[in-house]
Amino acid sequence: SMPALQWESASGATYWLQIGKDQDFTDIIVNKVLESAQYQAHNLENDALFFWRVKAINSSGMSDWSDTSWFRLSSNSEGGKETPKACFLTKLRIKK
């Protein structure tokens with residue numbers, strides 16, 4: 001199953017999410033602005049490592065990119081074990 005990514009919400013903010021295949025985000029496969037502080041990944045290939053980061057955006061500006069987190073999708077789902085949910089909680093501070 002695909003992981004549900006979650007992060008700390010900031011009031012009145014939208015979130016810019018990037019998922020990439022490398023830590024430098026030169027090979028980006030998801031590049032979205034989201035209304036809520038979560039994203040259900042889908043259509044990602046198995047047996048691959050993915051890196052992700054998020055920033056908060058509101059009327060006064062945007063935060064820095066969060067710390068980069070990663071998750072690996074594994075194709076061996078014997079026993080119906082779920083891929084561990086990747087999730088981190090980082091204060092996304094908007095820079096005035």
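Refer to the structure printed above.
Below is a summary of the structure that appears in this document. In this text, all values refer to a predicted model and were calculated from it rather than measured experimentally.

**Quick look at the environment of Val-54**
Its place among the elements puts Val-54 in strand E5 (residues 48-58). Given a relative accessible area of 0%, Val-54 falls into the buried group. Along the sequence, Val-54 and Leu-17 sit 37 residues apart, while their C-alpha atoms lie 4.5 Å from each other.

**A look at the pairing of strand E7 (residues 69-73)**
Burial along E7 is one-sided: Ser-69, Phe-71 and Leu-73 are buried, while Trp-70 and Arg-72, pointing the other way, are not. Pairing of E5 with E7 involves 5 bridges; the strand directions are antiparallel. Residue pairing for E7: Leu-49 is matched across the bridge by Arg-72.

**A closer look at the environment of Arg-53**
For Arg-53, the position within the fold is in strand E5. When the C-alpha positions of Arg-53 and Gln-18 are compared, they lie 5.6 Å apart, and in sequence the two are 35 residues distant. For Arg-53, the residues in contact, after removing those within four places along its chain, are Trp-16, Leu-17, Gln-18, Phe-25, Trp-65, Ser-66, Asp-67 and Thr-68. Within polar-contact distance, the side chain of Arg-53 engages the side chain of Gln-18 at 2.7 Å.

Rules of the game
- Residues numbered from 1 in each chain as written.
- Predicted model: local features only at pLDDT ≥ 70, side-chain atom pairs only at ≥ 80, totals over all residues.
- Heavy atoms only, no water.
- Helix = DSSP H or I, 4+ residues; strand = E, 2+ residues; numbered from the N terminus.
- Buried < 20%, exposed > 50% of the residue type's maximum accessible area, 1.4 Å probe, protein only.
- Pairing = 2+ DSSP bridges.
- Contact = heavy atoms within 4.5 Å.
- Polar contact = N/O pair within 3.5 Å; in protein donor to acceptor, adjacent residues only side chain to side chain.

Any link to function would need more than the numbers given here.
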